[in-house]
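# Chain and residue survey
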Amino acid sequence: MLTRILLFVTLLAAPGLRPAFSHEGHTHGDEPAPPAAAAPRAEAHSDLFEMVAVLGPDRRLWLYLDRHATSEPIDGATVQVTLDGEDLGTATRASEAVYVLANPALERPGQRNLTFTITAGEDMDLLPATLEIPAAAGALTAAPVSSELFATALREPVLWTAGLLLLLLGVAIGRTAAPRPLPPLVVAEPPATGTRPHALPSGAPLPERVAAAPAVLALAAFVLLPVMAWAQPLDAPRRQPDGSIFVPKPSQRLLGLRTGPAELGEASVTIHLTGQVVADPNASGRVQASEAGRIEPPGGGFPALGQRVARGEVLGFVVPIMAAQDRVGVRASIAELDSLIIIGEARLRRLTALTGTVAAREISDARAELEGLRQRRAANLPAVTGREPIVAPSAGLISVVRVAAGQVIQAQEPLFDIVDPARLWVEAIAFDPATVADISGASAMTAGGQALRLGFVGRGMTLRQQGLPLQFRIEAGAPGLAVGQPVTVLVETPRRTAGIVLPAEAVVRNPEGGQVVYEMPSAERFLPRPVRVQPLDGQRVLVTAGLESGARVVTSGAGLIAQVR
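Residues numbered from 1 in each chain as written. Predicted model: local features only at pLDDT ≥ 70, side-chain atom pairs only at ≥ 80, totals over all residues. Heavy atoms only, no water.

### Quick look at the overall build of the chain
Stated precisely, the cut-off is as follows: Only runs of H or I of at least four residues qualify as helices and only runs of E of at least two qualify as strands under DSSP, and these elements are numbered from the N terminus. Three exposure classes are used, based on accessible area relative to the maximum for each residue type with a 1.4 Å probe and protein chains only: buried under 20%, partly exposed in between, and exposed over 50%. Residues count as neighbours in contact if any of their non-hydrogen atoms are within 4.5 Å of one another.
Each helix and strand in the chain was counted, giving 10 helices and 32 strands. By residue count, 39% of the 565 residues in the chain fall in the buried class. Residue pairs in contact within the chain that sit at least 24 positions apart in sequence constitute 67% of those at least 6 positions apart.

Right, dumping it as structure tokens:
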């Protein structure tokens, strides 16, 4: 009974042990305050540093130090803290770019003036800030079970519900593990060696270790719940009623957010075209059959996809096929040529034996006639017994294989395609030829985000698909490309336009489908700014409207901020 009462008191007191750190936050001018559920916090910045100080429920001050321009965390710095002119000492490094300070002065409620002296390498700066310490922070040493704590729990429906559920769970476990009589002839413990099993009498209690389960549970709840209550608060990112997004510094570190200044400049007007990867005609080849026949593999077998071949390498053989009537005619012609060759050889021997008597011209004519007969026979013989080799017209990788052993093919049928992956082109279609009359540069972007640097080769003079074909050479090696792969071609023109140049990943889509960038007016607040952009080179965009020069814009991780709800 005492155990259950202890568990009941512990579970009711646990919600009250949670410090009531919720407040309206510290504001700077007209800047909206952090969410009401956030821990007390203060922020300050200079041209070099940005500091966010969070007062945790453990009465320690957690400090997050970043570069102001880029939001890059600064690790290994020295941070000295002063509270209302009183030196609190140097903050200790808790983790990467996170510092912590514990001092009894942080328990005094009220508005406090903080001064941070930061030294990071050769950079040094002084940052003032104001922290509002709520009265609840100074009352943490009060008795955990009191009317004020119960009132706090009642004002927190979530905590009250959690405490009630834990209470019911503890009662259920307590009833399950309560001592109860065992039926007779039930062995409670395994018998020792050499002894007979024994039975507990009816009504005997459970062993002590089982009956102590409720006490263990109550003790664990009594110890763990206050520990959980004293843990550092993890403020969650959320959207605020004014449309801004609150992202605390720990979440920014996890998301890898980076920022940059919006600087006004000029860039070339870029035109978007749809294109695809094609093979360089000077470094590729297509193998076709010159006549109908049956395919036979070479000694090492047919080349496989992706296999590198050299120019002139034998890829296979074509055995000509003929109708039966044609084959009989060819064989008859070969037999006739064989007989004429025998006669010619005999005649040449006789004339050669009569050298000096027979004119030399007659011997030469006989020899030439014999050679012609032999050539005619050699030309007819492959039609019935020979095969034609298939050779590679260029060096490269086999990209297409359309053959199989024993396959019968027709003349001009494509068999292999050979591509050099180091020499690929991009072909695009421009439906307005006037816009690409002058091309100063070009780049391309694959669907996976791979950027390609292009060099202009030439334009066609005949429309194709109601558009003008343009060809570009891929300047640098681009592994992983395939012939026929679609790409987006960005053609730069000599025309210039003013705007703000940002990385392409800084622009994201909002739920309505528009393009936005996220401005960072303060350390943990982000504002979506609808903008109008033009692509530049696949990695950068030009913001022409919707963003003011000098604003701090999220350049990395904007897509993750857009998912905060």
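### Some details on the sheet that holds strand 6 (residues 92-95)
What counts, and what does not: Whether two strands pair comes down to DSSP finding at least two bridges between them. Helix axes use the C-alpha atoms of the stretch in contact, all axes being lines fitted to C-alpha atoms, and the angles between their N-to-C directions lie in the range 0 to 180 degrees.
The strand order 1-2-3-7-6 describes an open sheet built from 5 strands, whose pairing is antiparallel. Each edge of the sheet is formed by a strand with only one pairing partner; in this case those strands are strand 1 (41-45) and strand 6. Taking each pair of neighbouring strands and ignoring which way they run, the sheet shows an average axis angle of 25°. With 7 bridges connecting them, strand 2 (residues 49-55) and strand 3 (residues 60-67) associate as antiparallel partners. Of the residues in strand 3, the one forming a bridge with Leu-55 is Leu-61.

### Concerning the side chain of Asp-280
We apply this condition: We call two N or O atoms a polar contact when they sit within 3.5 Å, provided that within protein one can donate a hydrogen and the other can accept it, with sequence-adjacent residues counted only if both atoms are side-chain atoms.
Positionally, Asp-280 belongs in the loop between strand 13 (264-279) and strand 14 (284-288). Residue Asp-280 is classed as buried on the basis of its relative accessible area, which comes to 4%. In terms of polar contacts, Asp-280 uses its side chain to reach the side chain of Arg-423, at 3.5 Å. Residues within four places of Asp-280 in sequence aside, it is in contact with Arg-423, Leu-424 and Trp-425.

### Here we look at empty space enclosed by the protein
Rules: Cavities and pockets were defined on a 1 Å grid built over protein atoms only: a cavity is a set of grid points that admits a 1.4 Å probe from which the probe cannot escape, a pocket is an open set flanked by protein on both sides within 12 Å along at least five of seven lines, and lining residues are those with an atom within 4 Å of any such point. Grid points are joined across faces, edges and corners, and a volume is the space filled by probe spheres set on the points. Three classes are used, and their members are as follows: Ala, Val, Leu, Ile, Met, Phe, Trp, Tyr, Cys and Pro are nonpolar, Asp, Glu, Lys and Arg are charged, and the others, Gly among them, are polar.
A full pass over the atoms with the stated rule returns 4 cavities of 30 Å³ or more. Along the walls of the second largest cavity sit Pro-421, Ala-422, Arg-423, Leu-424, Ile-474, Ala-476, Gly-477, Ala-478 and Leu-481, which together make up its complete lining. For the lining of the second largest cavity, the class distribution of residues is 7 nonpolar, 1 polar and 1 charged.

### Focus: the sheet that holds strand 9 (residues 123-133)
Taken together, the 4 strands give an open sheet; going across it, the order is 5-4-8-9, and neighbouring strands pair in antiparallel fashion. Edge strands, defined here as strands with exactly one partner in the open sheet, are strand 5 (86-90) and strand 9. The sheet shows a mean angle of 20° between the axes of neighbouring strands, direction not considered. Bridging between strand 4 (residues 78-83) and strand 8 (residues 110-120) involves 6 bridges; their strand directions are antiparallel. Bridge pairing in strand 8 places Thr-82 opposite Thr-115.

### Observations concerning the pattern of salt bridges
Opposite charge on two side chains permits them to pair, given that their charged atoms come into close proximity. For clarity, the cut-off: What counts as a salt bridge is simple: a side-chain nitrogen of Lys or Arg found within 4 Å of a carboxyl oxygen of Asp or Glu.
Under the definition given, this model contains 22 salt bridges. Arg-402 is the salt-bridge partner of Asp-417, the closest N and O atoms lying 3.5 Å from each other. One end of the pair, Asp-417, is in strand 21 (residues 414-419); the other, Arg-402, is in the loop between strand 19 (396-401) and strand 20 (408-409), with 15 residues separating them in the sequence. According to the relative accessible area criterion, Arg-402 is partly exposed, its value standing at 33%. Beyond isolated ion pairs, a larger network of salt bridges with shared partners links Glu-50, Asp-66, Lys-249, Arg-253 and Arg-552.

### With respect to the pairing of strand 1
Along strand 1, 4 of the 5 residues are buried, which leaves the element largely enclosed by surrounding structure. As paired elements, strand 1 and strand 2 share 5 bridges and run antiparallel to each other. If you follow Ala-44 over to strand 2, its bridge partner there is Met-51. Hairpin geometry of strand 1 and strand 2 is characterised by an intervening segment of 3 residues between the two adjacent antiparallel strands.

### Points about the pairing of strand 23 (residues 441-446)
The buried fraction of strand 23 amounts to 6 of the 6 residues, a majority that puts the element mostly inside the structure. Residues Gly-441, Ser-443 and Met-445 line one face of strand 23 and the alternating positions Ala-442, Ala-444 and Thr-446 line the opposite face, and both faces are buried. In this sheet, strand 26 (residues 486-503) lies alongside strand 23 in antiparallel orientation, the contact comprising 6 bridges. In the strand pairing of strand 26, Thr-446 is matched with Val-487. Here strand 23 runs beside strand 24 (residues 451-459); their pairing, made up of 4 bridges, is antiparallel. Paired with Ala-442 across the strands is Leu-454, a residue of strand 24. What sits between the antiparallel neighbours strand 23 and strand 24 is a turn of 4 residues, in which Gly-449 has the positive phi angle 90°.

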